[in-house]
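This is what each chain is made of:
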Amino acid sequence: MNKIQHLQSSFTLPNSSILQNRIAKSAMSENLGTSNHAPTSTLIHAYKVWAKAKPGLLITGNVMIDQNAIGEARNVVVEDEQHISLLKQWANAANKTGVHIWPQINHPGRQAFGSINKDVYAPSAIPVKVKGASALFKTPKALSEKQIVAIIERYGNTAKILKDAGFTGVQIHGAHGYLVSQFLSPLSNIRKDEWGGSLENRARFVLAVYQNIRDKVGADFPIGIKINSADFQRGGFTEEESMEVLRMLDAQGIDLLEISGGSYERPAMMGATQKQSTIEREAYFLEYIKKARKLVTKPLMLTGGFRQVAVMEKAIADGHVDIIGLARPFAMHPKLCIQIFEQGLETLQAPYPKSGIKAIDDTGSLELLWYELQIKRIGEGKQPNPKLNGLRGMGRNVWVSLVKSFFKN
Ligand SMILES: Cc1cc2nc3c(=O)[nH]c(=O)nc-3n(C[C@H](O)[C@H](O)[C@H](O)COP(=O)(O)O)c2cc1C
């Protein structure tokens, strides 16, 4: 029997799009836009390299919907058609490979560095608290209702422009402590109006974002969402609430539900808060998805921790998930699907780079920057370098902005 037959099998999404196998690259912020937030040739080339090895789906790093609300200085921003020809080139990176490319669309809300955002807005005026790095974030201003409605409209506009550029779907970033997840969590959303309080009210934002996109892209265009299984904080968004939101999105017509968890405050998505036993078992959120499977009808994708091909194959064969999401392994294995399907690779590598300086390592920012550098190498036509020095990798500019923003706040 073929040891990877389930992973290799194609999958048809509810809108009839066909993914040629069950492996998806999960979103990784590349930070490879120009200073005015257009895609660079390095970014586009990275997607050409990834597409050549034919995974089922490539979800891009988060693309922002507003240039005044960015997560990183070099995020791609799509709020009008000014970069449409470069966006077309990016979408065309999958040319003739049968690979789908879906941009992940995002608004950071309060999880936005003060040094690169003039004003920071969130559901409520509650700042991010990250051990050793809280000074990097400004206390946000609470959004007015009018601003909320305008942001919802932006998600739809961005999605429509991306569809027109030729991308074959979009994903809403509803996880990891960004704006959608801030609305869902009672720790960051203490609003007293119809956007806060009960779960029904906290979920109003994500449902409105979904519906706005759907109205603009039409019934047949796939819309996925990445959502937290929980935010893993006392008094936060719980597993039960997350399941309820899944049910709401399922009923409304979402095409793919990707499960993750955590935020900058509690980076469960990177394995930081997982018990050693969970890391060894891989697939941080597998127990959650087994329960979710019974509640929803729409396809499920699971991301976080997968490294053994046999574990991925089993998760699909057992019927727990439809699509396997991989992030860091794609930065280390640009030809990941060729290695698995044609060369028999059984274990993917994705090291945990450490600086040895606890305050830096606790924030997880070094790891993100290290992986971004690997993606940049792929985009430059080089091989990833597992021996890259983490601290040096942070680069002078990052150090300067870290120090500056520390004194500024
Ligand atoms: C460099 C880097 C950037 C990331 N950026 C995003 C992002 O833009 N959007 C997102 O949903 N997750 C992002 N993530 C999280 C990954 O999608 C994924 O959830 C996490 O790395 C766990 O999966 P893995 O164990 O396969 O790496 C990022 C991770 C890395 C390493």
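What you are looking at is a predicted structure, and each value in this text was computed from that prediction instead of being measured. (Residues numbered from 1 in each chain as written. Predicted model: local features only at pLDDT ≥ 70, side-chain atom pairs only at ≥ 80, totals over all residues.)

Novice: For this particular structure, what's the right way to read the overall build of the protein chain?
Specialist: Scanning the protein chain from N- to C-terminus turns up 17 helices and twelve strands. In terms of overall dimensions, the protein chain is globule-like: its C-alpha atoms have a radius of gyration of 20 Å, near the 22 Å expected for 409 residues. The principal-axis extents of the C-alpha atoms in the protein chain amount to approximately 55 × 50 × 45 Å. Counting all 409 residues of the protein chain, 49% fall into the buried class. (Helix = DSSP H or I, 4+ residues; strand = E, 2+ residues; numbered from the N terminus. Rg over C-alpha atoms; globule rule 2.2 N^0.38 Å. Buried ≥ 20, exposed ≤ 12 C-beta atoms within 10 Å, placed from the backbone.)

Novice: Which parts of the structure should I look at to understand the nonpolar core?
Specialist: Buried together is how nonpolar side chains tend to be arranged in soluble globular proteins. Core analysis: the largest hydrophobic core is formed by 115 residues, its most contacted members being I101, V180, V209, L257, L302 and I324. The leading source of residues in this core is helix α4 (residues 145-165), at eight residues. Setting aside chain neighbours within four positions, we find V180 in contact with I172, H173, G174, F205, V206 and V209. (Core = buried A, V, L, I, M, F, W, Y, C linked by C-beta atoms within 7 Å. Contact = placed C-beta atoms within 7 Å.)

Novice: Looking at this structure, how should I read the packing of helix α2 (residues 41-52) against helix α15 (residues 365-379)?
Specialist: Packed helix pairs are characterised by how far apart their axes lie and by the angle those axes make with each other. Two elements in contact, α2 and α15, have axes whose closest approach is 7 Å; the angle formed by their N-to-C orientations is 80°. Considering the angle they form, α2 stands roughly perpendicular to α15. Residues T42, L43, H45, A46 and V49 of α2 touch α15, and the partners they reach there are I375, K376, I378 and G379. (Axes fitted to C-alpha atoms, helices over the stretch in contact; angles between N-to-C directions. Parallel < 35°, antiparallel > 145°, perpendicular 65-115°, else oblique.)

Novice: How should I be thinking about α4 in this particular structure?
Specialist: Between its first and last C-alpha atoms α4 spans 31 Å; for 21 residues at 1.5 Å apiece the expected length is 30 Å, and the two agree. Those residues of α4 that sit buried are I148, I151, I152, R154, Y155, G156, T158, A159, I161, L162 and A165. Those residues of α4 that are buried lie in contact with α3 (84-91), β5 (100-106), β8 (170-174) and α7 (204-217). Of the residues trailing α4, G166 is marked for its positive phi of about 115°. (Expected span 1.5 Å × (residues − 1).)

Novice: Help me understand the pairing of strand β11 (residues 300-303), please; the structure alone is not making it clear to me.
Specialist: The side chains of a regular strand alternate between the sheet's two faces. For strand β10 (residues 256-260) and β11, the ladder comprises three bridges, and the chain directions are parallel. Bridge pairing in β11 links E258 to M301. As defined by bridge partners, β11 adjoins strand β12 (residues 323-326) across three bridges and the pair is classed as parallel. When the bridges of β12 are listed, M301 appears paired with I323. Handedness of the crossover is the feature at issue here: the chain leaves β11, passes through helix α11 (residues 309-317), returns alongside β12, and the resulting connection is right-handed. (Pairing = 2+ DSSP bridges. Right-handed = clockwise from strand over helix to strand, strands pointing away.)

Novice: What is the right way to read the site of the ligand from this model?
Specialist: Surveying the vicinity of the ligand reveals 26 residues, the closest of which are A27, N62, A327, R328 and Y371. With three residues, α15 is the single largest residue contributor to the shell around the ligand. (Near = placed C-beta within 6 Å.)

Novice: Just checking my understanding: could you explain the sheet that holds strand β9 (residues 223-228) for this structure?
Specialist: Pairing between the strands of a sheet comes from backbone hydrogen bonds, and it takes one of two forms, parallel or antiparallel. Strand order in the closed barrel made by the eight strands is β3-β4-β5-β8-β9-β10-β11-β12, with parallel pairing throughout. The mean angle between the axes of side-by-side strands here comes to 25°, regardless of whether they run parallel or antiparallel. Relative to β12, strand β3 (residues 23-25) is paired through three bridges, and the arrangement is parallel. Bridge pairing links I23 to I324 in β12.

Novice: What is the right way to read the confidence of the model for the protein chain from this model?
Specialist: Do not read the fine detail of predicted coordinates wherever pLDDT is low. When the pLDDT values of the protein chain are averaged, the result is 92; 91% of them are 70 or greater. Across residues 405-409, where pLDDT falls below 50, the model places eleven contacts with residues more than four positions away in sequence or in other chains. (pLDDT = per-residue confidence, 0-100.)

Novice: Would you mind going over the packing of α4 against α7 with me for this structure?
Specialist: Close contact between α4 and α7 brings their axes to 8 Å; oriented N to C, the two are set at 40°. Relative to α7, α4 is oriented oblique. Crossing of α4 against α7: the hand is right-handed. Contact with α4, carried on its side by I148, I152, E153, Y155, G156, A159, K160 and K163, involves F205, A208, V209, N212, I213, D215, K216 and V217 of α7 and no other residues of that element. (Left-handed = near helix turned anticlockwise from the far one by under 90°.)

Novice: Hey, could you run me through the pairing of β9 in this one?
Specialist: The buried fraction of β9 amounts to six of the six residues, a majority that puts the element mostly inside the structure. The side-chain alternation of β9 yields two buried faces, one formed by I223, I225 and I227 and the other by G224, K226 and N228. As paired strands, β8 and β9 are joined by five bridges and run parallel to one another. Residue pairing for β9: Q171 is matched across the bridge by G224. Of the pairings in the sheet, the one linking β9 to β10 comprises five bridges and is parallel in character. Within the sheet, the bridge partner assigned to K226 lies in β10 and is E258. Crossover handedness for the path β9 to helix α8 (residues 239-252) to β10: right-handed.

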